[in-house]
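# Architecture at a glance
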Amino acid sequence: MAALQAAFLNEIEKLFKKRKVSVALIISFLVIIAGQLVILGVRSGFGLRGVSSQEFPILVLSIVANSILPLFTALVTFDCFSSEFNHNIIRITLTRPVSRLKIFAAKVAAIYSFIITNLLLLLLLSTLAGFLFNVNSLTLASWSKILLAYLASSFPLLILSLLLVLLANIIKNSITVFFVSVILFLVLKAAGVFFSQYSGLLLTTYLDWYKLWLANFLPWDKILRQFCLMIGYGIMLFTAGFYLFDKKDY
Amino acid sequence: MTSSYRAIEIKNLTKLYANGRGINDLNLEISQGEVFGFLGPNGAGKTTAMKAMTGLIRPDRGEVKIFGHSIIDQYELAMSQVGCLIETAESYPFLSAWDNLKLHARYYPNVDAKRIEEVLGLTGLLKYKDEKPRRFSLGMKQRLGLAAAILSRPKVLILDEPLNGLDVEGMIEMRNLIKYLAENEHTTFFISSHLIHDVELTCTRVGVIYNGTLLSVDTMENILQNFATLENYFVSEVERNGRTSSSIPQ
């Protein structure tokens, strides 16, 4: 357990001391500012109400859940795996008294920590922006629901990151793996539109899982069914990713 | 010799790559406190053997034990006694020298800030501790790699070309450090180096590997009784094997 804890703390420290993560967090902040400016423009230009302080964090989540969040998750995932493979710095960790399973688990946990941090930062900033610039209708109960939606959206992003981890362990070059991932993401998104009857099986569909948590009466059967499917994908992707990570020569 | 005094045991270690290179049926025992020099021409299999000894690659056959712990089945236990520097001294370029060592220190409960200062002092990096390795020269990176290898006071040090990139002063310092650790802390060394004169001055026993096969193992004392220099012994062993190989009809 001590080795796993050490590996996790190291991964976190490495992750948050890199410029990429700071840039990702700054861009998240800029997205909120830009979103708020658009709302203000619509309100003053067209005389429309725009959104309330309650709706603004949800509006932000609906935009970032299918755009910058998967993108940042991909960047961080490839930084944790492909980048370390390419520069041989993975050997630094591999030659310490810690098993490959613990290293792999620590890396995945660090990526999830980044996802949660990014989401909570977005929630905090969008709530603040909503308070300052929009019609104030936010209550503690509605904010709790929003918090739940933000936390829920972290789970499909984790599953997506496990798919990216698998790709990073298959494709050696970090640039190639990034472009393959972007293309795969777009293909899965398009498949969800053109073959909507099978969209329930596509990983990218679950990025909208948070919407289920915003309903007045939670559709537990649907939430549970999608959760079970994601767990299934998660187990398979984690196992396949670890198998390749473990068998690799460094 | 009882098993407890055997620092390193290598049995039938085999790892062959697709190009036919690698190591074949390597058998070796190294006692505690020995400074073992591993000599061989380029591509002979030195680094492959060292990578298999530190778990960076999985052997096709055979096993390696460090103080009785299998590197395959008891990785954490085996590596808790090992410090190593394989191929190139890797470090995280975005972290300072101090932070790099702090990351390593997390895996060892007995390593504290004082020990980090100590190894930085021993390797002559104390005044550069706040600088990032991306600005380091090759020699300074090598010193940082050595600092990381000795940080945990390991009982076994596996060093692949440890003097790479060091200036004359640095080489003398490293030689003295190796001798000091072997004599005073009974650290066992497994060193590969192309600087044959340094091996002669530092090692107590030498093994010659050629084409992936261990040709001979002898003490430095015996070698220097029969040959004028270690270089003469090495050339004689390699040439003898080379003639044998070339005399076999293809």
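Since the structure is predicted, the reported quantities are computational estimates derived from the model, not experimental observations. In this numbering scheme, every chain counts its residues from 1 along its sequence in written order. Chains and ligands are labelled sequentially in the order written, the chains with letters from A and the ligands with numbers from 1. Reporting of local features is limited, given that this is a predicted model, to residues whose pLDDT is at least 70; pairs of side-chain atoms are given and counted only at 80 or more, and all residues count toward the totals for whole chains, interfaces and linings.

### Topic: the overall build of chain B
A run of DSSP states H or I qualifies as a helix once it reaches four residues; a run of E qualifies as a strand once it reaches two. Both are numbered from the N-terminal end. Counting secondary structure elements, chain B contains 9 helices and 10 strands. For the radius of gyration, the atoms used are the C-alpha atoms, and the globule rule reads 2.2 Å times the number of residues raised to 0.38. For 250 residues, the compact-globule formula gives about 18 Å, and the C-alpha radius of gyration of chain B, at 18 Å, lands near that figure. We call a residue exposed when 12 or fewer other C-beta atoms sit within 10 Å of its C-beta, buried when the count reaches 20 or more, and partly exposed for counts in between; the C-beta positions come from the backbone. Looking at the 250 residues of chain B, the share that counts as buried comes to 44%.

### Comments concerning the overall build of chain A
The number of helices and strands found in chain A is 10 helices and 0 strands. In chain A, the succession of helices and strands from N to C terminus is α-α-α-α-α-α-α-α-α-α. Compactness check: chain A gives a C-alpha radius of gyration of 19 Å against a globular reference of 18 Å for 250 residues, within 12% of the reference. Over its C-alpha atoms, taken along the principal directions, chain A stretches across nearly 60 × 40 × 35 Å. Residues classed as buried in chain A amount to 37% of the 250 residues present. In chain A, the share of contacts with a sequence separation of at least 24, taken over all contacts with a separation of at least 6, comes to 84%. We call two residues in contact when the distance between their C-beta atoms, placed using the backbone, is within 7 Å.

### Let's talk about helix α4 (residues 113-122) of chain B
Residues and elements named next belong to chain B. For α4, every residue scored as buried is listed here: Ile 116, Val 119 and Leu 120. All buried residues of α4 project into a common sector of 105° when viewed along the axis, lining one side. Next to the buried residues of α4 lie α3 (97-105) and α5 (138-150). Just past α4, the residue Gly 124 takes up positive phi, approximately 75°. The reported arc concerns the directions from the helix axis to the C-beta atoms and nothing else.

### Notes on the nonpolar core
The nonpolar core criterion groups buried Ala, Val, Leu, Ile, Met, Phe, Trp, Tyr and Cys residues into a set whenever they are joined through C-beta atoms within 7 Å. Core analysis: the biggest nonpolar cluster contains 126 residues, and A:Leu163, B:Ala147, B:Ile158 and B:Phe189 have the highest contact counts within it. The element contributing the most residues to this core is helix α8 (residues 140-170) of chain A, with 13 residues. Segmentation of the chain into domains, including their bounds, is taken from an automatic or database domain assignment. Per-domain counts for this core show at least three residues from each of domain 1 (3-81 + 156-247) and domain 2 (88-153) of chain B. If we ignore the near neighbours within four places in the chain, the residues touching B:Ala147 are B:Leu101, B:Val119, B:Leu120, B:Thr123 and B:Leu125.

### Some remarks on the environment of B:Leu56
Inspection of the secondary structure assignment puts B:Leu56 in the loop between α1 (46-53) and β4 (61-66). Judged by the 21 C-beta atoms lying within 10 Å of it, B:Leu56 is buried. For B:Leu56 and B:Ser137, which are 81 residues apart along the polypeptide, the C-alpha to C-alpha distance reads 26 Å. Once you skip the residues sitting within four places of it in the chain, B:Leu56 turns out to touch A:Arg91, A:Leu94, A:Thr95, A:Asp249, A:Tyr250, B:Lys51 and B:Ile86.

### Some points on the domain arrangement of chain B
Residue and element names in this part refer to chain B. Here the domain parsing of chain B yields domain 1 (3-81 + 156-247) and domain 2 (88-153). Placing a centre on the C-alpha atoms of domain 1 and another on those of domain 2 gives a separation of 24 Å. In this complex, domain 1 contributes 12 residues to the contact, which on the side of domain 2 involves 10 residues. For the side of domain 1 that touches domain 2, the secondary structure elements donating two or more residues are β7 (156-160) and α6 (168-184). Ranked by the residues each element gives to the side of domain 1 that touches domain 2, the list is headed by α6, at 4 residues. Three categories are distinguished: nonpolar for Ala, Val, Leu, Ile, Met, Phe, Trp, Tyr, Cys and Pro, charged for Asp, Glu, Lys and Arg, and polar for the others, with Gly belonging to the last. Of the residues assigned to the side of domain 1 that touches domain 2, the class counts are 6 nonpolar, 3 polar and 3 charged.

### Re the interface of chain B and chain A
Think of interface size as the accessible area that goes away when the parts come together; that is how it is often given. With 20 residues of chain B at the contact, the number on the chain A side is 20 residues. Going through the elements one at a time, α2 (75-79) and α3 of chain B are the ones with two or more residues in the side of chain B that touches chain A. Class assignment of the residues belonging to the side of chain B that touches chain A gives a composition of 11 nonpolar, 5 polar and 4 charged.

### A word on the sheet that holds strand β6 (residues 82-85) of chain B
All names here are of chain B. One open sheet holds the 6 strands; their spatial order is β6-β7-β8-β3-β9-β10, and the pairing between them is mixed. Looking at strand neighbours, the two that pair on one side only are β6 and β10 (213-219), the edges of this open sheet. On average, each strand axis in the sheet is tilted by 15° relative to the strand beside it, whichever way the strands run. The sheet contact formed by strand β3 (residues 35-39) and strand β8 (residues 188-192) spans 4 bridges and is parallel. Of the residues in β8, the one forming a bridge with Val 35 is Phe 189. Here a strand pair is declared whenever DSSP counts at least two bridges between the two strands. Every axis corresponds to a line fitted to the C-alpha atoms, with the helix fit spanning only the stretch in contact, and the corresponding angles, defined between N-to-C directions, vary from 0 to 180 degrees.

### So, the packing of helix α4 (residues 68-80) of chain A against helix α7 (residues 100-133) of chain A
Residues and elements named next belong to chain A. Two elements in contact, α4 and α7, have axes whose closest approach is 10 Å; the angle formed by their N-to-C orientations is 150°. By the criterion of interaxial angle, the relationship of α4 to α7 is roughly antiparallel. As for the relative orientation of α4 and α7, their crossing is right-handed in sense. In this structure, α4 contributes Leu 69, Phe 72, Thr 73, Val 76, Thr 77 and Cys 80 to the contact, and α7 contributes Lys 107, Ala 110, Ile 111, Phe 114, Ile 115 and Asn 118. Of the residues in the contact of α4 with α7, the class split is 8 nonpolar, 3 polar and 1 charged. Orientation labels follow simple angle bins: below 35 degrees gives roughly parallel, above 145 gives roughly antiparallel, 65 to 115 gives roughly perpendicular, and whatever is left gives oblique. Here a crossing is taken to be left-handed if its near helix is turned anticlockwise relative to the far helix by less than a right angle, and right-handed if that turn runs clockwise.

### Quick word on α4(A)
Taking 1.5 Å per residue as the helical rise, α4(A) with its 13 residues ought to reach 18 Å, and the 18 Å between its terminal C-alpha atoms agrees with that figure. Inspection of α4(A) places A:Leu69, A:Pro70, A:Phe72, A:Thr73, A:Ala74, A:Leu75, A:Val76, A:Thr77, A:Phe78 and A:Cys80 among the buried residues, and these make up the whole buried set. To estimate the expected span of a helix, count its residues, drop one, and scale the result by 1.5 Å.

### Considerations on the packing of helix α1 (residues 2-16) of chain A against α7(A)
Residue and element names in this part refer to chain A. Contact geometry of α1 with α7 gives a least axis separation of 8 Å together with a crossing angle of 45°. Relative to α7, the element α1 lies oblique. When the axes of α1 and α7 are compared, the crossing they make is right-handed. Facing Ala 3, Leu 4, Ala 7, Phe 8, Glu 11, Ile 12 and Leu 15 of α1, the residues of α7 in contact are Lys 102, Ile 103, Ala 105, Ala 106, Lys 107, Ala 109, Ala 110, Ser 113 and Phe 114.

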